[in-house]
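Residue-level structural notes
What follows is each chain in one-letter form.
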Amino acid sequence: MSQETWAAVDRYIEDKFLPADPVLDAALKACAAAGLPEIQVTPPQGQFLQMLACIRQARRILEVGTLGGYSTLWLARALPAGGRVVTIELESRHAEVARANFVAAGLADRIDLQVGRAADVLARLATAGGPPFDFVFIDADKAGTADYFRLALRLSRPGTVIVVDNVVRKGAVADPASTDAAVQGIRRFNDAAAAEPRVTATALQTVGTKGYDGFALLLVTR
Ligand code: SAH
Ligand code: DHB
Ligand code: MG
């Protein structure tokens, strides 16, 4: 199996299930034109996240790591009237692209973009004590993932679904001796999730246009 095959199958899946979407395509184009790193979720992954949020009937969604807002748009489309996505981004250059994409998509009114370090913004949200989130997508710097998970738990309730991106890292996650800070960050997150009695957790490996990686899926049970 090769990257070429994985990409061909992703193209096939997109052709089959994901009709042309001018709004999302324009957002991707704007991200590329602004020179943002092309690390957003793939279209099938975006649809998958949107469907998970729909299945959860999420009214309040939290995202950590906005980039140009591509995954945010998928998630915002899962919301019922009056629903809200809070999305956190460190880089103001990324946030500006995202903000323009939210306006162009007509979804700016249901997206709350917070610019700052995720740990700071999450701690502030936890202290503010607003209503809990129904669905959380963690996709920022991998070294911080364990911290974002712990903070997201404080913003959750029984039934909250948490998805964490990039937890396989071409298989490197299974190597305890890896010197990659991202891999060690994900391993610390896995340790925290495994030791946390309030969640049920698993992870699934994925292949596709972005290569070999995976998602963790957590359900807050108490
Ligand atoms: N979820 C996006 C991709 C996010 S890429 C999508 O699929 O479309 C990861 C993003 O996290 C980058 O934009 C990066 O700037 C941001 N990031 C990195 N460290 C961060 C931090 N400490 N706090 C908040 N955002 C951070
Ligand atoms: C990277 C980050 C991501 O969120 C992703 O999905 C793929 C790659 C990265 O930092 O390399
Ligand atoms: Mg990612």
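Everything discussed here concerns the structure shown above.
Every value quoted in this text rests on a predicted model; they were computed, and no experiment measured them. (Residues numbered from 1 in each chain as written. Chains lettered and ligands numbered in written order. Predicted model: local features only at pLDDT ≥ 70, side-chain atom pairs only at ≥ 80, totals over all residues. Heavy atoms only, no water.)

1. Quick word on the coordination of the magnesium ion (ligand 3)
- Donor atoms from the polypeptide that bind the magnesium ion (ligand 3) are Asp139 (OD), Asp165 (OD) and Asn166 (OD1), placed at 2.0 to 2.2 Å.
- As a motif over one chain, the donors of the magnesium ion (ligand 3) read D-x25-D-N. An identical accessibility class is assigned to Asp165 and Asn166; each is buried. (Donors = N, O, S within 2.8 Å, 3.2 Å for Na, K, Ca; no water. Buried < 20%, exposed > 50% of the residue type's maximum accessible area, 1.4 Å probe, protein only.)

2. Things to note about the site of ligand 1
- Near ligand 1 there are 21 residues, and of these Gly65, Ser71, Glu89, His94 and Asp139 occur at the shortest range.
- Between ligand 1 and the protein, one listed contact pairs an oxygen atom with a side-chain N or O atom of Glu89 at 2.6 Å.
- When isolated, ligand 1 has an accessible area of 580 Å², and the protein chains bury 90% of it.
- Tallied by class, the residues present in the shell around ligand 1 amount to 9 nonpolar, 6 polar and 6 charged. (Near = heavy atom within 4 Å. Polar contact = N/O pair within 3.5 Å; in protein donor to acceptor, adjacent residues only side chain to side chain. Areas by Shrake-Rupley, 256 points an atom, 1.4 Å probe, with all protein chains shown as cover. Nonpolar A, V, L, I, M, F, W, Y, C, P; charged D, E, K, R; others polar.)

3. Things to note about the sheet that holds strand β4 (residues 135-138)
- Ordered by their spatial adjacency, 7 strands build an open sheet running β3-β2-β1-β4-β5-β7-β6, and the pairing between neighbours is mixed. Each of the sheet's edge strands pairs with one partner strand only, and the pair in question is β3 (111-115) and β6 (199-208). Adjacent strand axes in the sheet meet at a mean angle of 15° when their direction is disregarded.
- Here 4 bridges tie strand β1 (residues 60-64) to β4, and the two strands are oriented parallel to one another. Residue pairing for β4: Glu63 is matched across the bridge by Phe137.
- The strands that helix α1 (residues 3-17) touches are β6 and β7 (211-220); relative to β6, the one it contacts most, it runs at about 105°.
- Packed onto the sheet, helix α7 (residues 145-154) meets β1, β4, β5 (161-165), β6 and β7 and runs at close to 170° relative to β4. (Pairing = 2+ DSSP bridges. Helix = DSSP H or I, 4+ residues; strand = E, 2+ residues; numbered from the N terminus. Axes fitted to C-alpha atoms, helices over the stretch in contact; angles between N-to-C directions. Contact = heavy atoms within 4.5 Å.)

4. Structural notes on the site of ligand 2
- Taken together, the neighbourhood of ligand 2 is formed by Ile39, Asp139, Lys142, Asp165, Asn166 and Lys210.
- Within the contact set of ligand 2, an oxygen atom lies 3.2 Å away from a backbone nitrogen or oxygen of Ile39.
- At a separation of 3.2 Å, an oxygen atom of ligand 2 approaches a polar side-chain atom of Lys142.
- Coverage of ligand 2 by the protein chains reaches 67% of its 290 Å² of free accessible surface.

5. A short note on the side chain of His94
- Mapped onto the elements, His94 comes out in helix α5 (residues 92-104).
- When its relative accessible area of 12% is taken as the criterion, His94 is described as buried.
- When neighbours within four sequence positions are excluded, His94 is seen to be in contact with Leu36, Pro37, Leu67, Gly68 and Glu89.

6. Focus: α5
- For α5, spanning 13 residues, the distance from its first C-alpha to its last is 18 Å, which sits close to the expected 18 Å at 1.5 Å a residue.
- Where α5 is buried, its residues touch α2 (22-33), α4 (70-76), β2 (84-89) and β3.
- Following α5 by one or two positions, Gly106 adopts a phi angle in the positive range, close to 70°. (Expected span 1.5 Å × (residues − 1).)

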